[in-house]
Each structure stands twice: as C-alpha cells, then as structure tokens.
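Summary of structural features
Listed here are the chains, written in short residue letters.
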Amino acid sequence: MDRRPAAPWAPGAVALLTVAWLIGALVLLGWIFSIGLEGWADQHSDQGAGADALARKANVALLLLAAEVVAGPAVIAVVARSGLLRRTAAVYLVIALGLGVLAVPVAVGAYRDFAPAPPPPPPPTICQEHSGGDTRCPGG
C-alpha cells in the first residue's frame, strides 16, 4: 500500500473548496427563499401577472442547487484524491453520491416543469364534403 504523505497544499485546498461549496449552497437557498417570498407577495397582490416568470426562476434555481450540491463534493473528492487525501476523498465521494440520490428527483421535477411538453396539435380544419353533396364549411 502506498504510504506517501499528503501534498502540502491539499488540506488547505480541500478546506477552501468546502467553504466555497457551503457558501454557494447557502446563496442558492437564499435565492430560492426570496423567490418564494416574491411568489407569496404576487399571490396576495391584485396583479398576479408574474406567476409564470417566478415559476421559471424557481425551476432554474432548483436545477442550479441540485447541480451545485452534487458537483461540489465530487470536485472536492477529486482534489482530495489528487492531493493524496484518500479518506477525505472517499468521504466527499459518499457525500456526493448521497446528495445525488436526493437531488435527482428534485432536478427531474424542476426540469419537467421548466421544459413542459408541447401542446397537442390542433384538430384538423380541412373542409370535407359529406354525403348528399353539401359542404358545411366555416367561411363558405
């Protein structure tokens, strides 16, 4: 088994990336909270015109949060592994996988709402002659 000591830069880099990851998650959670407050205010106002824009913003924020909480620990695990911090890399990899299991359903739901299915095609508007020779077409 390889017993080389960790690189001198590795613990500091892992600590810095961990702080950045946590701050990023808190910023995104704050953004989601502010979107919720905007939605609450819009719902209780007389206008109610911004519901679609707020829903779109909320779905973008949820997708970014899901990506950030999974990608952050994965990047930290790669940096820890390259700095020869094997146990730290394993811990962050387990965190990334655990958060990924939780984030996938949230991201799928947000993406489904973000990109809704196209509307069904309209019914045909072709004028057809029926038996008896009469055509009852709109406009002529």
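These notes cover the structure that comes with them.

What counts, and at which threshold
- Per chain, residues are indexed from 1 in the order of the written sequence.
- Selection of residues for local features in this predicted model requires a pLDDT of at least 70, selection of side-chain atom pairs for listing and counting requires 80 or more, and totals for whole chains, interfaces and linings are taken over all residues.
- Each side-chain value is derived from all of the structure's non-hydrogen atoms; neither hydrogens nor water enter the calculation.
- For patch building, the residue pool is restricted to those with more than 30% relative accessible area and no salt bridge; the joining distance is 9 Å between like charges and 5 Å between nonpolar side chains (Val, Leu, Ile, Met, Phe, Trp, Tyr).
- Using the Shrake-Rupley algorithm and a 1.4 Å probe, accessible areas are obtained, with residue cover drawn only from the displayed protein chains.
- What counts as a salt bridge is simple: a side-chain nitrogen of Lys or Arg found within 4 Å of a carboxyl oxygen of Asp or Glu.
- Labels follow the DSSP assignment, with helices taken as runs of H or I lasting at least four residues and strands as runs of E lasting at least two, numbered in each case from the N terminus.
- Contacts are assigned to residue pairs with any non-hydrogen atoms lying within 4.5 Å of each other.
- Only protein chains enter the accessibility calculation, which uses a 1.4 Å probe. A residue is then buried if its area is under 20% of the maximum for its type, exposed if over 50%, and partly exposed in between.
- The set of buried Ala, Val, Leu, Ile, Met, Phe, Trp, Tyr and Cys residues whose side-chain atoms join them within 4.5 Å is what this entry labels a nonpolar core.
- For a helix, the expected span equals 1.5 Å multiplied by the number of residues minus one.

**Observations regarding a nonpolar patch on the surface**
On the surface, a cluster of nonpolar side chains totalling about 270 Å² of accessible area is made up of Val19, Ile23 and Val27. In this fold, Val27 is placed in helix 1 (residues 10-43).

**Focus on the environment of Thr88**
Note that Thr88 resides in helix 3 (residues 86-114). With 12 residues separating them in the primary sequence, Thr88 and Ile76 have C-alpha atoms 8.8 Å apart. Every residue in contact with Thr88, bar those within four places of it in the chain, is listed here: Val14 and Ala80.

**Observations concerning the environment of Ala66**
Positionally, Ala66 belongs in helix 2 (residues 51-82). Residue class for Ala66 comes out buried when judged on its relative accessible area of 10%. When the C-alpha atoms of Ala66 and Ala25 are compared, they prove to be 9.3 Å apart, with 41 residues separating the residues in sequence. Leaving out residues up to four positions away in the same chain, Ala66 has contacts with Ala103 and Ala107.

**Remarks on the nonpolar core**
Listed in full, the 10 residues of the largest apolar core are Ala7, Ala10, Val14, Trp21, Ile76, Ala77, Ala80, Leu85, Ala89 and Tyr92. Look past the residues within four positions of Ala89 in its chain and what remains in contact with it is Ala77, Ala80 and Arg81. Listed in part, the six residues of the second largest apolar core include Leu28, Leu65, Val69 and Ala103.

**A few points about helix 1**
At 3.6 residues per turn, the α-helix brings residues three or four places apart onto the same side. Across its 34 residues, helix 1 extends 49 Å between first and last C-alpha, which sits within 8% of the 50 Å expected from 1.5 Å per residue. Those residues of helix 1 not exposed but buried are Ala10, Val14, Thr18, Trp21, Ala25, Leu28, Ile35 and Asp42. As for helix 1, its buried residues are in contact with helix 2 and helix 3.

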